[in-house]
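Here is what each chain is made of, one letter per residue.
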Amino acid sequence: MSTEDTFVRFKEVQKSYDGETLVVKNLNLDIERGEFVTMLGPSGSGKTTCLMMLAGFEPATHGEIYLGDRPINAVPPHKRGIGMVFQNYALFPHMTVNENLAFPLEVRKLSKSEIATRTKRALDMVQLGAFGDRRPAQLSGGQQQRVAVARALVFDPDLVLMDEPLGALDKQLREQMQYEIKHIHESLGVTVVYVTHDQSEALTMSNRIAVFDDGVIQQLAPPSDLYERPENAFVAQFIGENNRLMGSVEAIDGKECQVKIDNGEVIRALKVNVDGVGQRATLSLRPERVEVNPEPGKFPNVFDAKVEELIYLGDHIRTRASVCGHDDFIVKIPNASHHASLNEGDTVKFGWSMEDCRALDVSGIH
Amino acid sequence: MRKHLITTTLASALISAALVTPAQADVTFVSWGGAYTMSQQKAYADTYTGGKVNFVNYNGGLGEIRTQVESGNVTWDIVDVLPHEARVGCDEGLFEELPRDVFTPAPDGTSMDEDVMVEVPNDCVVPQIFWSYVPFYQKGAFDGNAAGDPKTIEDFFDVEKFPGKRGIHTWGNALVEMALMADGVAPEDVYSVLDTPEGMDRAFAKLDTIKDHAVFWSSGAKPLELVTSGEVSMALAYNGRVGAAILAEDAPFVINWDGQVLEEEWIVMIKGTPNADEALKFMIHASAPEQQAGQAKWITYAPMRKSGIDIIEAGEPWYNTGVNIMPLMPNAPAALSHRYVFADPSWWADNGDSISERFTAWSGQ
Amino acid sequence: MAANNATSVEPLLTADGTPLKTSLQRSLRRSKLRATALVLPPLLFLIGLFVLPIGNLLTRSTDDTLINHQLPLTFAMLGQWDRQELPDESLFEAIFLDLTSLNKYLIKDNFATAVDPDDPAWKIQIPKKGPYRDAMIEIAPHWKDAKTWLLIYEIAITAAEATGTEREIKHQQKRAQFKICSMLTPLTNATCSKLYKVLNEWDGVSEPDEALFEALYKDLASANKYLLGKSSTRMNYEKPGFKSLIKKSGRKLKKVNEPPYKEAMIKADKRWGDIGFWHALLAMQKPQTSGYYLNAVDRKWDENREVVMQPEERQVYVMLWWRTFLVSLIVTVGCLLLAYPVAHLLATLPLKYSNLLMICVLMPFWTSLLVRIVAWMIMLQQEGVVNDTLVMLGLPDEHRLPMMYNFTGTIIVMIQILLPFMILPIYSVMKTIPPSYMKAAQNLGAPPSLAFLRVYMPQTLPGIGAGVILVFIVAIGYYITPELVGGKDGRLIGNMVAYHMQKSLNWGLAAAMGSILLAGILILYWIYDKIVGIDNMKLG
Ligand SMILES: Nc1ncnc2c1ncn2[C@@H]1O[C@H](COP(=O)(O)OP(=O)(O)OP(=O)(O)O)[C@@H](O)[C@H]1O
Ligand SMILES: [Mg+2]
């Protein structure tokens, strides 16, 4: 990553609230100008804390945060010029939408006319031109959310932080808003740091995703990489659905390894995050990468499976089966016309390739 | 008249529905609380064999009594009232008028009403005590003062010769009388002078002379604290409070009887009480000379009945701790050898409200 | 379309054939009834606790019916008087009859404008020693009829048949005696014991005999005494001296039997010759009076029925209103200034500290008022702790600060007592304001002070409003505390209300002052509503 384009940089940042436990442990993160970076992770993993340190509401216990080239640890929040959308929007209830939008402009002492035009532009951008005189309480959740976005952008900040801005919305609205935020991001070219614990949201919106757990970034990568190539068991488990098979490494052969799982079967997998023979490993396999009754010889891994349960989901059929001693093995069978249908209790063969089965560590699994 | 009938019928129907009549006929005696009620308890109730007496405290005035009588929900039987209330309440029909010949005469056969040292104003009242407003100071407060210790009511109003602040109460009673006496009016002329507008102005002009040196009090214990702490050099107080401090705590107070204003205190029976018979029996007991004198064993207020005073005088030392009480009695011959005024309740009935307003206006300027 | 029309013309029927409308109405009525039944108890409670007392307050503040019962004839004739000179014999005769005779209780039209001064019945004399019957029937013929007596007869015999314990029976009989008198007179505190007795000996049908009339006469006579007592109190409000005038001359007038009354009355008490007393009567002439309200603002009617100021030495109420207002205002502002930071601390401190602070705030509620006041006295008086400390720190002994028994003392103590009333509503509002607003404001570029002013404080307004109104209203009615710690400055309007309720018994004036207070508070409320909006008030 070229340092020239780096806009936000966390350097060896640590944070502790109580002096006993580290909420953020040695965080190093570079964000490029114009990038859309999402912090994704389970509750309590330190995402908001990072955002608050960036916005200036929490001091870093150790380390330095840079904005542009400038270290900003000593800069008070109101001088950082960072826009922020709060988890519950934090629209000022005693002001109208217009007044809310004008607020950051007024404190910057812009002229009246300038304020009016900017406010209007920002409102139009989120398609709320007609709602300027309403109070926040008179808006729907989605509308409030859009006002919050408009307010965070109205003073043209270079960096906008969003802390679970869509958490309170229903699924449909959330998807629509994801699209709109993404759209605004692309048209304005502003840098966005986004926090969520909804992985599909992270996947659809971000340029890069930082997966947080326990105060540590587990993996920082573009969405496709995260899904296709998780680097540890936590990420594999956290992003997307995942079949896990536990075992120990029997042999390593270049980028391939053989793992003997606990019921005695041996599976050939891609060596990702295992080091030595005899080590415990987690095998991670996406449900859609499993083929039912494959042509013989197509895959190195073919095993007997007993169908336990079928769930009809429209575009695919979710199948739970017993494979290699695990009775929670999930397979997604596309609902295509040529596909043979299974029945509960059938015994079939499941097969998958070596590359799709990733051998990972066991440490990240809670 | 018709409307009248309907509303009263309705009202009394409601009232009698809401009435709860206590079963036991205890007599309820309403008084001022503190050492005063205690003295009544000891002298009257503890010596009474005719039944149980419950004591209740109140803050004076006829407000509650009027409410009880007019609503028909009478829960008090006997009330200890000031001279003004004794008259107004009887005039307005809030008290029972009592037969006079049932009360205990003096040992020499004088009827109770004749035995009382002031005129008995009506048939509602039964004698209680005299109390008075007196000036007092702490021994030593005027040590080294060129004019020596204050002695007269003139001295109380003279802040040049007798420096220091003056503790006075926040209402006008006794103050206007004292002011006139201090201004040279003979005690017997005080009310006729006050009856003229010029006389009233004269009283307030005299009060003006101590106004800037006045510390106002409104509860009876306060003047004692003011004098003890040195906040004021002299104060007016109820004689009983000062006397109690001297007798009970050996407080080094000196009372100047000159210029005192004596007030009556009566007991009355609330009109319409269902305990009328029991209450009357108790009132007969409480007003007998023995009991009247007995009260002075516990407090330095004086019996209204001459025969009561005689018993005390003959029985000295009379106070429960074994000291002489007569020197602290406001109507003992020694005290009455100075100038004094018996507060005139009918004058106060006419002028009380306007004095109250004028006094408030005066003190508020 | 046609089918639609057809159904709308035909009445809709429910399953059992009753028209839909009827059945809807029936079901609505049922639910209405149920709702009413549910609402009724709290409604009655509300009426009993608020509407009735406030109604009573308002009626009392204008009520002058009592004196109109006492002086019907005088007031009927007062209009003819020129008010310049002492009235002539006819008016003296009228007031003489009103004060001494019982005719006013017997004559039918005996109140306010209905009074007919030309009715000869006013002048008929009932012989003091009897016989009473003939004269009384001549005055009021309807008393001859047994039916007229029936109502009081019922009361008497019902009470005589009362059952229960001896005490309860006695109580019933006493009440009946009061009730009979309240039927015949405007008094509720007169006892018609003689009538009670005689009525119980009567059969209720035979023609009323002399015994009944004698009892009626005697009971009315004793009631009249009380009415006279009450009206003289009322008259004394208008002119000091009226009370003793009525009382003293009353005794002497009993002996006067024939005209001319003017001479006799002035002889009985020369004050009857003072035109001032007659002018004072003018102010009471109407059964409804605004006099109490005028009095409450140091004004009165003069003899030409014009509003004039009270004489200067009696002007106190306006001053007291101002003082009360000022004290309440200062106390309110003081409370607000102290309460705001405390409430903020309470709302933002970590729980374990804020709990402790909350206990400190609430502590005063658990301590007796008197204890607190005494504590302040010990602290603040001239020889008190604060002054002692100051002297120790070098303040000259003769310059000890007067902080007690004056205005300062009133303010300090009242602020301390009322502080929780301000803290709690503000705190409860602050508690609901998430910290994210302040963060958002700063994030948008506002320095902390500006963020506080523009974002935080406006949101606490509902709490401020509630606290201010609460403290102000409580403060404006305070009187015991100021009296104890305020010395001469401690007299507020509440003291005067209490004084007139308990001591002077001028309930009309007390009610008028109460009504003015109430109106003041409502106006305040209205202003608040205009500025902030009442729905914008949070008590917690
Ligand atoms: N003000 C604070 N004082 C003490 N501990 C805190 C504070 N704020 C957060 N924490 C702790 O720090 C850890 C990280 O909190 P943080 O709010 O950053 O989590 P998060 O990843 O944003 O979680 P979520 O998805 O639930 O919002 C948590 O264990 C939390 O309990
Ligand atoms: Mg969070």
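Values in this document were obtained by computation on a predicted structure and should not be read as measured data.

(A) Region of the structure containing the overall build of chain A. Helix and strand counts for chain A stand at eight helices and 20 strands. Looking at chain A as a whole, 49% of its 366 residues qualify as buried. The contacts of chain A with a sequence gap of at least 6 include a subset with a gap of at least 24, amounting to 66%. Of the roughly 16600 Å² of accessible surface on chain A, a fraction of 46% belongs to carbon and sulfur atoms. Charge centroids of chain A, computed over 39 positive and 52 negative side chains, lie 6 Å from each other.

(B) Representation of the pairing of strand β19 (residues 347-352) of chain A in the model. All names here are of chain A. Taken together, the two bridges between strand β15 (residues 291-292) and β19 define a ladder with antiparallel strand orientation. Paired with E291 across the strands is G351, a residue of β19. Taken together, the six bridges between strand β16 (residues 301-312) and β19 define a ladder with antiparallel strand orientation. Along β19, the bridge assignment pairs D304 with K349.

(C) Structural detail: the site of ligand 1. Residue and element names in this part refer to chain A. The full set of residues close to ligand 1 is Y17, V23, S43, G44, S45, G46, K47, T48, T49, E164 and H197. The separation between an oxygen atom of ligand 1 and a polar side-chain atom of T49 is 2.4 Å. In the complex, the protein chains occlude 58% of the 630 Å² of accessible area that ligand 1 would expose alone.

(D) Quick peek at the pattern of salt bridges. For the structure on display, the rule yields 52 salt bridges over all chains. D183(B) is paired through a salt bridge with R202(B); the nearest N and O atoms lie 2.8 Å apart. Residue D183(B) is located in the loop between α7 (175-182) and α8 (190-194), and its partner R202(B) is located in helix α9 (residues 197-211); the two are separated by 19 residues in the primary sequence. D269(C) is paired through a salt bridge with R271(C); the nearest N and O atoms lie 3.2 Å apart. Residue classification places D269(C) among the buried residues on the basis of a relative accessible area of 11%. Here the salt bridges do not stand alone but share partners, grouping E114(A), R118(A) and D156(A) into one network.

(E) Just the domain arrangement of chain B, in detail. Residue and element names in this part refer to chain B. Segmentation of chain B into domains returns domain 1 (9-130 + 263-328) and domain 2 (132-262 + 338-363). A straight line from the C-alpha centre of domain 1 to that of domain 2 covers 28 Å. Where domain 1 abuts domain 2, roughly 1400 Å² becomes buried across the two surfaces, and 68% of that area is made up of carbon and sulfur atoms. Linking domain 1 to domain 2 there are zero salt bridges. Where domain 1 packs against domain 2, one counts one residue pair in polar contact (both at pLDDT 80 or more). Those elements that place two or more of their residues in the side of domain 1 that touches domain 2 are α4 (83-91) and β9 (260-269). It is α4 that provides the largest number of residues to the side of domain 1 that touches domain 2, a total of three residues.

(F) Just the packing of α4(B) against helix α16 (residues 345-364) of chain B, in detail. Residues and elements named next belong to chain B. In contact at an axis separation of 9 Å, α4 and α16 are set at 80° when each is read in the N-to-C sense. Judged by the angle between their axes, α4 and α16 are roughly perpendicular. Contact with α4, carried on its side by P83, H84 and R87, involves P345, S346, W348 and A349 of α16 and no other residues of that element. Of the residues belonging to the contact of α4 with α16, the class tally is four nonpolar, two polar and one charged.

(G) Spatial organisation of the packing of aromatic side chains. Within the structure shown, the criterion is met by 44 aromatic pairs over all chains. With centroids separated by 5.7 Å and ring planes inclined at 75°, the aromatic side chains of F156(B) and F157(B) adopt a geometry described as edge-to-face. Residue F156(B) is classed as buried on the basis of its relative accessible area of 1%. Ring pairs connect the aromatic residues W131(B), Y133(B), W171(B), W217(B) and Y238(B), which therefore count as one cluster. Seen from the ring of W298(B), K42(B) lies directly overhead, with NZ or CZ sitting 4.8 Å from the centre. The side chain of R175(C) reaches across the aromatic face of F178(C), ending 4.4 Å from its centre.

(H) Expanded view of the interface of chain C and chain B. At the interface, 61 residues of chain C touch 65 residues of chain B. The largest contributions to the chain C side of the interface with chain B come from R167(C), H171(C) and K488(C), which together make up 14% of the buried area. Joining chain C to chain B, the criterion identifies seven salt bridges. Of the charged contacts, one joins E96(B) and K174(C) as a salt bridge, the two residues approaching to 3.7 Å between their closest N and O atoms. Contributions of two or more residues to the side of chain C that touches chain B are made by α9 (166-184), α11 (210-238), α12 (242-253), α16 (317-348), α23 (480-485) and α24 (493-503) of chain C. It is α9(C) that provides the largest number of residues to the side of chain C that touches chain B, a total of 11 residues. For the side of chain C that touches chain B, the class distribution of residues is 23 nonpolar, 18 polar and 20 charged.

(I) The interface of chain C and chain A, seen in detail. On the chain A side, the residues contacting the 17 residues of chain C number 23 residues. Summing the contributions of chain C and of chain A, the shared interface buries around 1800 Å²; its carbon and sulfur component is 66%. Broken down residue by residue, the surface that chain C buries against chain A is led by N443(C), L444(C) and R454(C), which jointly contribute 41%. Counting across the chain C and chain A interface gives one salt bridge. Of the charged contacts in the structure, one is a salt bridge between E106(A) and R454(C), with a shortest N-O distance of 2.9 Å. Counting across the chain C and chain A interface gives five residue pairs in polar contact (both at pLDDT 80 or more).

The rules behind the values
Residues numbered from 1 in each chain as written. Chains lettered and ligands numbered in written order. Predicted model: local features only at pLDDT ≥ 70, side-chain atom pairs only at ≥ 80, totals over all residues. Heavy atoms only, no water. Helix = DSSP H or I, 4+ residues; strand = E, 2+ residues; numbered from the N terminus. Buried < 20%, exposed > 50% of the residue type's maximum accessible area, 1.4 Å probe, protein only. Contact = heavy atoms within 4.5 Å. Areas by Shrake-Rupley, 256 points an atom, 1.4 Å probe, with all protein chains shown as cover. Lys, Arg positive; Asp, Glu negative; His and termini not counted. Charge placed at Lys NZ, Arg CZ, Asp CG, Glu CD. Pairing = 2+ DSSP bridges. Near = heavy atom within 4 Å. Polar contact = N/O pair within 3.5 Å; in protein donor to acceptor, adjacent residues only side chain to side chain. Salt bridge = Lys/Arg side-chain N within 4 Å of Asp/Glu carboxyl O. Domains from an automatic or database assignment. Buried area = accessible area lost by both parts, 1.4 Å probe. Axes fitted to C-alpha atoms, helices over the stretch in contact; angles between N-to-C directions. Parallel < 35°, antiparallel > 145°, perpendicular 65-115°, else oblique. Nonpolar A, V, L, I, M, F, W, Y, C, P; charged D, E, K, R; others polar. Phe/Tyr/Trp six-rings, centres within 6.5 Å; stacked < 30°, edge-to-face > 60°. Lys NZ or Arg CZ within 6 Å of the ring centre and 35° of its normal.

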